Structure formats: C-alpha cells, structure tokens
Protein chains: 4
Amino acid sequence: MENQQYHDCIQACIECIESCNVCFDSCLKEENVKMMAECIRMDRECAEICGMAVTAMQTNSHFVNQICGLCAEICDACGNECKKHDHDHCQKCAEACFKCAEECRKIAS
Amino acid sequence: MENQQYHDCIQACIECIESCNVCFDSCLKEENVKMMAECIRMDRECAEICGMAVTAMQTNSHFVNQICGLCAEICDACGNECKKHDHDHCQKCAEACFKCAEECRKIAS
Amino acid sequence: MENQQYHDCIQACIECIESCNVCFDSCLKEENVKMMAECIRMDRECAEICGMAVTAMQTNSHFVNQICGLCAEICDACGNECKKHDHDHCQKCAEACFKCAEECRKIAS
Amino acid sequence: MENQQYHDCIQACIECIESCNVCFDSCLKEENVKMMAECIRMDRECAEICGMAVTAMQTNSHFVNQICGLCAEICDACGNECKKHDHDHCQKCAEACFKCAEECRKIAS
C-alpha cells in the first residue's frame with residue numbers, strides 16, 4: 001500500500017520509534033535516572049523525528065530527503081548515547097537507531 | 001520488546017497511520033479534491049491521534065485508556081467518512097480505521 | 001486571525017507547552033533526576049496533548065470538545081505532579097497546567 | 001521563562017503554526033479545493049516542523065540549529081505556495097511563513 005521505495009526506511013523508523021519509546025519509559029524507571037538523563041532526552045527527540053520521517057515518506061512530502069537526512073543525524077546521536085549504557089533497552093535502542101540512520105541516509109542521498 | 005498486552009493495538013494503530021497518510025496524499029491528488037475535503041481533514045487528525053496512542057502504549061502512559069478511547073472515536077469518524085468514497089485508498093483506509101477503533105476500544109475499556 | 005471563541009484556551013495551551021518543555025529540560029538537569037522522573041514523563045505528555053488541542057482549535061476540528069476534555073485531564077495530572085516539587089520550573093509549570101486545564105474544561109463542556 | 005536567545009524565533013514559529021492551521025482549515029472550505037491542494041499539503045507540514053522547532057528551542061535540544069535550518073526551508077516553501085493565492089488566509093500565511101523562515105535562519109546559522 002505504501003510507497004515501495006520507502007518500505008525499508010519506514011520499517012526501520014517504526015522499529016526505532018518503538019525502541020526509543022520503550023527506552024524512554026525504562027530509563028525513567030531505572031535506579032540511576034541521573035545517568036540516563038541524556039538518554040531520556042535523546043529518546044524523546046529521536047522518536048519525534050522518526051515519526052515525522054514516516055509521515056513524510058507515507059505522504060510523499062517534497063522534503064523527504066531533508067527530513068530523512070536530519071533523522072539520520074538525530075538517530076546517530078541517540079544511538080551513540082544509548083550504546084554507552086549496559087541496560088538491554090539501551091543496547092537494543094542503539095541498534096535500532098543505527099539501523100534507522102543507515103536507512104534514512106539511503107533516502108536522504 | 002514492546003508491552004505485550006498492547007501488541008495488537010499498536011499494530012492496528014501503525015497500519016491505520018499508514019492508511020491515513022496514504023489516503024491524505026492520494027485525496028490531494030484526486031481530480032475532485034472538493035469532494036475529498038472532509039476525508040483529508042479526518043485522515044490528518046486520525047493519523048495524529050493514532051501516533052499519540054502508539055506513544056502512550058509504548059511508554060506505559062497513565063492515560064493509555066483515555067487516549068485509546070479518544071483514538072477509537074476519531075478512527076470511527078475517519079472510517080465513516082472514508083467508506084463513502086469509492087477510491088481504493090479510501091476503502092482501505094476505512095477498513096484500517098475500523099480495525100484500529102476496535103483494538104483501541106479493547107484497551108480503553 | 002484565529003477562531004475567537006478559542007482565543008483564551010489556545011493562549012493557555014501555548015503557555016502550558018512552554019512551561020512543560022522548560023520543566024522537562026530543567027528536570028533532566030536537576031541533581032536528583034530520580035525524584036523528577038514522574039514530572040519528566042508528565043511534562044512530555046502534557047506538552048503533546050496541548051499541542052494537539054491547539055491544532056484542533058485552530059483547524060476547527062470536529063473533536064475539539066473531546067480533545068480539550070482529555071487535555072484538561074492530563075494538564076491536571078501534570079499540575080498535580082509538578083506542584084509536589086519546590087523547583088521554580090515545577091511551580092510555574094503547575095500553575096500553567098491548572099490554568100490550561102480550566103480553559104480546556106470551558107471548551108470541553 | 002523561556003530561553004531568551006530563542007524568544008523571537010519561538011514567537012515567529014507560534015504565529016506561523018496558527019497561520020498554517022487557519023489556512024489549512026480555510027483551504028479545505030474553499031470552493032476550488034483542487035487549486036489549494038498544494039497549499040493544504042504545505043500548511044500541514046509547515047505547522048508540524050514549526051512545532052518541532054518550538055519544542056527543540058524550549059527544551060534546549062542539541063539539534064536546535066539543524067531543526068531550525070530545516071524549518072526555515074519548509075517555511076519558505078510554504079510561503080511561496082501560499083503567496084500564489086489571493087485568499088486573505090493564504091496571504092497572511094505567506095507573511096507568517098517568511099517571517100518565521102527569517103527568524104529560523106538566524107538561529108540555524
């Protein structure tokens with residue numbers, strides 16, 4: 001149903017949104033929330049831009065390239081923050097972020 | 001990874017978002033856009049509340065019930081508008097909206 | 001320019017969004033982030049629903065009443081959490097939330 | 001209360017969101033909706049990125065520059081589309097978009 005050229009990137013964004021939302025919720029429940037502050041901040045912003053990228057691709061926005069370019073940048077930053085932390089939710093989130101950044105860069109270029 | 005009790009509802013919301021975004025884009029490209037005005041309006045709003053419902057479920061919001069309740073109501077309205085139109089994108093969107101409304105009502109209740 | 005009947009409520013929502021975003025950022029920078037976890041969570045959600053309420057009012061959505069009703073509920077919950085904390089950003093946020101809840105209830109009813 | 005360096009840009013974004021939402025609603029009510037299709041599409045996207053820019057500035061995001069840079073680009077595109085149409089809501093929207101693009105470029109640079 002959706003635009004086929006965007007299929008993989010949309011999927012990667014949807015998985016990244018889930019990982020970021022789960023990580024956001026889990027970080028807020030950790031014992032050491034202070035250590036997770038940057039992760040919480042990045043999870044929120046990453047989920048937001050991924051949501052915007054999904055909308056852009058599904059509606060054939062004229063700004064798909066630019067939005068996916070910015071999304072790749074924010075996903076990389078979120079992934080880099082998450083991978084610092086040993087929690088499962090952070091490691092899984094880092095993986096989803098890097099995968100999403102990779103797919104977004106393909107669309108952006 | 002995600003909260004299992006919400007699995008089906010999250011999936012239904014994600015599919016509804018896609019259908020609404022595709023329908024929004026397709027309606028704007030139809031010959032008779034005037035006839036599609038209400039559909040365009042509902043598609044946008046439905047995709048927005050479905051996105052909010054996904055975030056609420058994935059982050060274990062305290063307001064999951066209320067947000068899913070409102071989401072069901074807006075999905076039903078969007079589905080009822082879409083089903084009036086013969087376009088494939090409208091018929092598919094109506095189906096996704098009604099499915100999503102059903103899943104959201106299970107969570108809301 | 002905007003719909004006059006919604007003027008006060010839109011203003012209250014815009015001020016509430018600002019207070020929630022500032023409080024979110026400030027909470028993440030506090031020494032005791034753990035204590036602020038619930039506040040961080042509510043700030044994010046409250047800003048999101050207030051944004052949805054603004055969009056609904058400015059676009060004359062058919063769901064203005066229901067969206068403002070839910071917004072009032074979430075604003076009250078966010079205000080109740082914020083008012084527990086002595087930080088200036090929390091106290092200011094509580095005030096903005098309660099003011100917004102009041103305006104939203106007028107529209108919802 | 002908000003970050004003073006962003007004051008003017010936040011205000012410009014808030015006014016642009018309002019103009020875009022009013023224009024979106026008004027375009028959908030015009031006799032000739034077909035002619036307004038591109039305007040409806042841009043209004044939605046412009047309001048979304050302006051909302052993201054407001055959040056970024058109010059939460060001191062690490063990506064304020066990049067988000068405001070993209071916001072400026074989308075505001076310019078929306079303004080250029082709106083200024084083609086004689087309707088008051090389009091002309092006012094074009095003005096708000098260009099003002100917002102200008103303020104966003106100051107932050108982005």
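Described below are features of the structure shown in this document.

Rules used throughout
Going along each chain's sequence as written, the residues are numbered from 1 onward. Numbering of ligands from 1 and lettering of chains from A proceed in the order in which they are written. Where totals are concerned, whole chains, interfaces and linings use all residues; where local detail is concerned, this predicted model gives features only for residues with pLDDT of at least 70, and gives and counts side-chain atom pairs only at 80 or more. Neither water nor hydrogens contribute to the side-chain values; these are computed over all heavy atoms in the structure. We superpose the copies by least squares over the C-alpha atoms of residues that have a pLDDT of at least 70 in both of them. Note on contacts: a residue pair is in contact if any heavy atoms of the two residues lie within 4.5 Å. The quantity reported as buried area is the accessible area (1.4 Å probe) lost by two parts once they are put together, taken as the sum for both. The term salt bridge refers to a side-chain nitrogen of Lys or Arg lying within 4 Å of a carboxyl oxygen of Asp or Glu. Going along the chain from the N terminus, every DSSP run of H or I of four or more residues is numbered as a helix, and every run of E of two or more is numbered as a strand. Residue polarity follows a fixed list, in which Ala, Val, Leu, Ile, Met, Phe, Trp, Tyr, Cys and Pro are nonpolar, Asp, Glu, Lys and Arg are charged, and the others, Gly among them, are polar.

1. Quick notes on the relation of the copies chain B and chain D
Reasoning step 1: Once chain B has been moved 0.0 Å along the axis and rotated by 180°, it coincides with chain D to within an RMSD of 0.0 Å. With respect to symmetry, the two chain copies, as superposed, fit the operation of a two-fold axis. By C-alpha distance to the rotation axis, the residue of chain B lying nearest is B:Val33, at 2.9 Å.
Reasoning step 2: Here 100% of the interface residues in chain B have copies in chain D that are interface residues too; the copies meet face to matching face.

2. Section: the relation of the copies chain D and chain A
The operation linking the two copies of the chain is a rotation about an axis combined with a translation along the axis.
Reasoning step 1: Expressed as a screw transformation, the operator carrying chain D onto chain A has a rotation angle of 180° and an axial translation of 0.0 Å, and the superposed copies differ by an RMSD of 0.0 Å.
Reasoning step 2: A share of 100% of the interface residues of chain D reappears at the interface of chain A, consistent with the copies meeting face to face through the same patch.

3. Quick notes on the interface of chain B and chain D
Reasoning step 1: Taken residue by residue, the interface counts 12 residues in chain B and 12 residues in chain D.
Reasoning step 2: Approximately 1,100 Å² of surface area, both sides summed, lies buried where chain B meets chain D, with 63% of it carried by carbon and sulfur atoms.
Reasoning step 3: Three residues stand out in chain B for area buried against chain D, namely B:Leu28, B:Lys34 and B:Arg41, and they jointly supply 47% of the buried area on that side.
Reasoning step 4: Here chain B is connected to chain D by two salt bridges.
Reasoning step 5: For D:Arg41, the salt bridge is made with B:Asp25, and the minimal N-O distance between the two is 2.6 Å.
Reasoning step 6: If you list the elements that add at least two residues to the side of chain B that touches chain D, you get α1 (7-29) and α2 (37-58) of chain B.
Reasoning step 7: Of the residues assigned to the side of chain B that touches chain D, the class counts are five nonpolar, no polar and seven charged.

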